[in-house]
Amino acid sequence: MSFKKYIKAVGTGPKGNRDLSIDETADAVEQILLNKVTPAQIGAFLIGWRTKLESNDELKGCIKALRKFMKFQKVEDSMELGYSFDGRCDNPFLFPLFGKILEEFYAKNSDVRRLNLVISGDFLQPAKNGLTTKEIFANIDASQYLHFFDRVEYLKELSDMTPLRHELGLRTAFNTVEKLLNPSLSEYGVTTAFHKPYVQKYLDIFAEYFKEIVVVKASEGSPEVFKDGKYWKMKNGIIVEESFSLKDYGIVYDKEYENISLEESLNIVRNADENILKLAKFNVALYLLFSNRVASLDEAWQRLN
């Protein structure tokens, strides 16, 4: 279909807009990735599409097109942690501690099936201006339990759109779908939603690419927990909600930073105090639960300690 028809479908206004089908959206996104349309047309489409609000079928079509261009490399026994690509400002990244925590865990718990954690990243995407997983991985030691996928390598066509997306300076549909595209073909996925309507959306649009997905309530588009919260998963066609409280596990954390720097974030995990270590362990406990390695959060915490 002519790309102008796609722009008209999403950018005419409330009375004239219509949702695209899965195949129409896939075609539109494929034309964008192949540079068959002009930057002006791409900008018009992405802004109109965002303003209209993307339907679940449209997001599924977007994922379908993106995965057509991806290079996959399977990581056995793994869970993908779906971090946002638009940066972190208020807290350090905890994942540099996860590898060592898992090494110590499996030295004592060989009966538990191995869990590898997969994180994807790229150059900073709009609309915030914070730290990226890519910057952190470039400055930490490798771990056998922690795997990084650089989007420049597994989905260059979308990575190459970074300058245009910064020109727009707005969140687009790509912000919604890019963090859980599963280049590692992981069985399990976990991402975050702060607003409940997105829980259903994420569980729906990513369902066919994972054995199971969990959505955890956390801040800054990251599946790392710093406060009391809850998580959701689909069970027998019903969304089940569970809550957790950090103080139940002896964790007290109330720090928040303003535009945390790379140096600050790295120093916090390199010189981790007791509270940061407990917080990192708690997150690993959640991942062990989400990937069905343990029967309960309490069991995970007890085994980790």
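Look a little higher up for the structure.
Let me sum up the structure you'll find in this document. (Residues numbered from 1 in each chain as written. Predicted model: local features only at pLDDT ≥ 70, side-chain atom pairs only at ≥ 80, totals over all residues. Heavy atoms only, no water.)

1. Some remarks on the pairing of strand S4 (residues 188-192)
And step 1. Counting buried residues in S4 gives five out of five residues, a clear majority hidden from the surface.
And step 2. Judged by which residues are buried, S4 turns out to be covered on both faces: Tyr-188, Val-190 and Thr-192 on one side and Gly-189 and Thr-191 on the other are all buried.
And step 3. When strand S1 (residues 78-81) meets S4, the two strands line up parallel, connected through three bridges. The partner of Glu-80 across the bridge, within S4, is Gly-189.
And step 4. In the sheet, S4 pairs with strand S5 (residues 212-216) via five bridges, with the strands oriented parallel. Each bridged residue has a counterpart across the sheet, and for Thr-192 the counterpart in S5 is Val-216.
And step 5. A crossover connection joins S4 to the parallel S5 through helix H11 (residues 197-205); in handedness this β-α-β unit is right-handed. (Buried < 20%, exposed > 50% of the residue type's maximum accessible area, 1.4 Å probe, protein only. Helix = DSSP H or I, 4+ residues; strand = E, 2+ residues; numbered from the N terminus. Pairing = 2+ DSSP bridges. Right-handed = clockwise from strand over helix to strand, strands pointing away.)

2. Details of helix H1 (residues 3-11)
And step 1. The set of residues buried in H1 consists of Phe-3, Tyr-6, Ile-7, Ala-9 and Val-10. Viewed along the axis of H1, the buried residues span an arc of 160°, placing them on a single side of the element. Facing away from the buried side of H1 by more than 90 degrees, the exposed set consists of Lys-4, Lys-5 and Lys-8.
And step 2. The elements touched by buried residues of H1 are helix H2 (22-33) and helix H3 (39-52).
And step 3. Positive backbone phi, at 130°, marks Gly-13, one or two positions downstream of H1. (Arc of directions from axis to C-beta. Contact = heavy atoms within 4.5 Å.)

3. Considerations on the pairing of strand S2 (residues 116-121)
And step 1. Counting buried residues along S2, six of its six residues qualify, which places the element largely inside the surrounding structure.
And step 2. On S2, burial covers both faces: Asn-116, Val-118 and Ser-120 on one face and Leu-117, Ile-119 and Gly-121 on the other are all buried.
And step 3. For the crossover from S1 across helix H5 (residues 98-108) to S2, the handedness is right-handed.
And step 4. As defined by bridge partners, S2 adjoins strand S3 (residues 146-150) across five bridges and the pair is classed as parallel. In the sheet register, Ser-120 faces S3, and the bridge partner there is Phe-149.

4. A few points about the sheet that holds strand S7 (residues 238-244)
And step 1. Strand order in this open sheet of seven strands is S3-S2-S1-S4-S5-S6-S7, and the pairing throughout is mixed. In this open sheet, the two edge strands, each paired with only one partner strand, are S3 and S7. Averaged over all pairs of adjacent strands, the angle between strand axes in this sheet comes to 25°, irrespective of strand direction.
And step 2. Where strand S6 (residues 229-235) lies against S7, seven bridges are found, and the strand directions are antiparallel. Across the sheet, Tyr-231 pairs through a bridge with Glu-242, a residue of S7. (Axes fitted to C-alpha atoms, helices over the stretch in contact; angles between N-to-C directions.)

5. As for the packing of aromatic side chains
And step 1. Within the structure shown, the criterion is met by 20 aromatic pairs.
And step 2. With centroids separated by 4.8 Å and ring planes inclined at 20°, the aromatic side chains of Phe-95 and Phe-137 adopt a geometry described as stacked. With Phe-95 in the loop between S1 and H5 and Phe-137 in helix H6 (residues 133-137), the pair connects residues that are 42 residues apart, well separated along the chain. For the pair Phe-95 and Phe-137, a shared accessibility class is recorded, and that class is buried.
And step 3. Aromatic pair Tyr-249 and Trp-301: ring centres 5.6 Å apart, planes at 75°, arrangement edge-to-face. One end of the pair, Tyr-249, is in the loop between S7 and helix H12 (262-270); the other, Trp-301, is in helix H14 (residues 297-304), and 52 residues separate them in sequence. Taken as a pair, Tyr-249 and Trp-301 share a single burial class, namely buried.
And step 4. Aromatic rings pair up to connect Tyr-83, Phe-93, Phe-95, Phe-137 and Phe-148 into one cluster. (Phe/Tyr/Trp six-rings, centres within 6.5 Å; stacked < 30°, edge-to-face > 60°.)

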